[in-house]
Amino acid sequence: MTDNLENDSEDLPEQIAVRMAKREKLNDLNDAYPVSIPITHTVAEVKAEFPELEIDVATGKKVALAGRVVFARNTGKLCFATLQSGEGDRIQAMVSLDKVGEESLEQYKELVDLGDHLFVEGEVITSKRGELSVLVDSWKMAAKTIRPLPNLHNDLSEEFRVRHRYIDLIVRDRAREVVRIRSQVMQSLRNTFTQDNFLEVETPMLQVMHGGASARPFKTHMNAFDMELFLRIAPELFLKRALVGGLERVYEINRNFRNEGADSTHSPEFAMLESYQAYGDYNSMAELTQKLIQNAAQDVFGTQVIELEEGETNDLSGTWDRVSMFESLSEAAGVAITPETPIADLKKLADKVGIEIDHPLHGKYVEELWEHFVKPALTKPTFVMDFPVDTSPLTRDHRDKAGVVEKWDLYIRGYEQATGYSELVDPVIQRERFVAQMALAKSGDPEAMKLDEEFLKALEFGMPPSGGMGMGIDRLLMSLTGLGIRETILFPLVK
RNA sequence: GGGCCUCUAGCUCAGUUGGUUAGAGCAACGGACUUUUAAUCCGUGGGUCGUCGGUUCGAUCCCGACGGGGCCUACCA
């Protein structure tokens, strides 16, 4: 829709030109867009007050309310309109000749279109078919619509819904419901954190040096300092500075930006929850994560066994399984795979099962093989524990097992939902890991991390032993609703 | 990034094996109708068939490029 309403009326689509003329006439008569309208009730309030009236009843109760006209049925001297509130509640308005008079009825029929915001005042009654209605004493345009609403009898195309979410919200109950669910989930997450004495903080989204994850960043430029800046790919390195500063339990819910592909589980900007807990470790973070998600399900749906679309259920109840990455891989592959297994052997196995991979890191092979052998079978919520050391540069070595780090990934419905760590706090080892990442970057890996001298300096002032956790909010919503990522984001990026 | 598919009225979709005026439902416009529920009935208008180029006597249809969208595939949460 690029047509420009500044054009001469002859150039406009017919229905827009017609509505523009009605707008003019409304302005001549009164006002097509009054600054405020004196409502006394919402649609929901009227429906709540009169839940079960008999057929053809007059209550004597006068109300004034407004709603969007979503259906209209005009007969000669009596007009019916279905008014819809922003919440999706509907009530019928009846405009009859003997109540409003000839002039008002004619103006109503001439000037009110589907989609308009209509203000009505009158008595609450039921019609001869029993429909709860407002028998209108007077009506007023609350806001004139210039473009026609799509017809409400067909589903909108996926593309139209994403590009015109505001229309989707008007015509589709589920669209409104998902927005409400998302808001309630956010509220629940914050409640759980608050109960556990976590502080919500906000750290920079514009960063001089991006870090905290392996991903390609968006670049931008600051004019005043003539400086290259990056949109953050993760808040991790700042949240850890907060821990150095003595903020022992912190979390942040905010947007991350990654300059990578977009599909049904990836959006270039996505909401991320990260949390750090001093004196915690990856076990305590696993418990916290399970609690956050189970509380969210309980608070929003009243159950931890959620009905998704198409009859699928997502059972989030109980204590979630924990499996070792190397052990589960060895079992599924039928051969023992350990951090000592030579890369050549791993490559041979990868070739055998058709995985194309050529990478300097041992751990990359292990993760690829794990995704091939184990991941597809993970349907229950499962913590996958103890990752290879060389692919997790911000995580500390396992306290008992050699060659692995204390990191887990949480899988729900087969995709990665969250990740947790026992954080690396030794500044000397952290520097060595960064140096190794720089070598990767030199060899052409565009996602390798940069050495962040300021962050290392902070670590050198001493960060307490800590657990950390990161969770994709959009993906959490996907788990709780069964929808694709673009349905969980109100206004997803479209080309 | 690679492969395949797709784009027709405000919306949802038919259709044209290349041929004169491209259709439906809803929506719009005119008319009838005081109890409708996607109201009904009669009538009317509305299209750069994604854009540009090519082939052809003739292209919405065939071919190419470009743009939008979708699916599969690779990478990331």
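See the structure above.
Residues numbered from 1 in each chain as written. Chains lettered and ligands numbered in written order. Predicted model: local features only at pLDDT ≥ 70, side-chain atom pairs only at ≥ 80, totals over all residues. Heavy atoms only, no water.

Re the protein's contact with RNA strand B
Among the 48 residues in the neighbourhood of RNA strand B, the closest are listed as Glu14, Ser127, Arg129, His266 and Arg475. Near the protein, meaning within 4 Å, the atoms of RNA strand B are sugar or phosphate in a fraction of 53%, with bases accounting for the rest. Here a base oxygen of RNA strand B sits 2.8 Å away from a polar atom, N or O, in the main chain of Lys128. Glu159 has a polar side-chain atom sitting 3.1 Å from a sugar or linking oxygen of RNA strand B. (Near = heavy atom within 4 Å. Polar contact = N/O pair within 3.5 Å; in protein donor to acceptor, adjacent residues only side chain to side chain.)

Some points on the environment of Leu369
Residue position: Leu369 is located in helix α12 (residues 362–373). Note: C-alpha distance between Leu369 and Ser214 (155 residues apart in sequence) is 19 Å. (Helix = DSSP H or I, 4+ residues; strand = E, 2+ residues; numbered from the N terminus.)

So, the sheet that holds strand β10 (residues 249–257)
Hydrogen bonds between backbone atoms are what pair the strands of a sheet, whose relative direction is either parallel or antiparallel. Here we have 8 strands laid out as an open sheet, ordered β6-β10-β11-β18-β17-β16-β15-β14, and mixed in their pairing. What marks the edges here is a single partner per strand, and that holds for β6 (199–200) and β14 (321–324). Bridge count between β10 and strand β11 (residues 269–278): 9 bridges; the pairing is antiparallel. Paired with Asn256 across the two strands is Phe270, which belongs to β11. In the packing of helix α8 (residues 236–244) onto the sheet, the strands contacted are β10, β11 and β18 (466–472), and the crossing angle to β11 comes to about 25°. The strands touched by α12 within the sheet are β15 (382–388) and β16 (404–412), with β15 carrying the most contacts at an inclination of about 155°. (Pairing = 2+ DSSP bridges. Contact = heavy atoms within 4.5 Å. Axes fitted to C-alpha atoms, helices over the stretch in contact; angles between N-to-C directions.)

Some details on a nonpolar patch on the surface
Nonpolar side chains collect at one region of the surface, where Tyr166, Val179, Leu490 and Phe491 lie side by side and expose about 380 Å² of accessible area between them. Summarising the element assignment, Val179 is placed in helix α7 (residues 173–195). Its relative accessible area of 35% is what places Val179 among the partly exposed residues. (Patch = residues over 30% accessible without salt bridge, like charges linked within 9 Å, V, L, I, M, F, W, Y side chains within 5 Å. Areas by Shrake-Rupley, 256 points an atom, 1.4 Å probe, with all protein chains shown as cover. Salt bridge = Lys/Arg side-chain N within 4 Å of Asp/Glu carboxyl O. Buried < 20%, exposed > 50% of the residue type's maximum accessible area, 1.4 Å probe, protein only.)

Here's the deal with unusual backbone geometry
With a phi close to 45°, Asp226 is a non-glycine residue in the positive phi region. If you trace the backbone, Asp226 turns up in the loop between β8 (219–222) and β9 (227–231). Phi angles above zero are rare outside glycine, and Tyr279 is one such case at about 70°. Relative to the assigned elements, Tyr279 resides in the loop between β11 and α9 (282–301). Here Tyr279 falls in the exposed class, since its relative accessible area comes to 61%.

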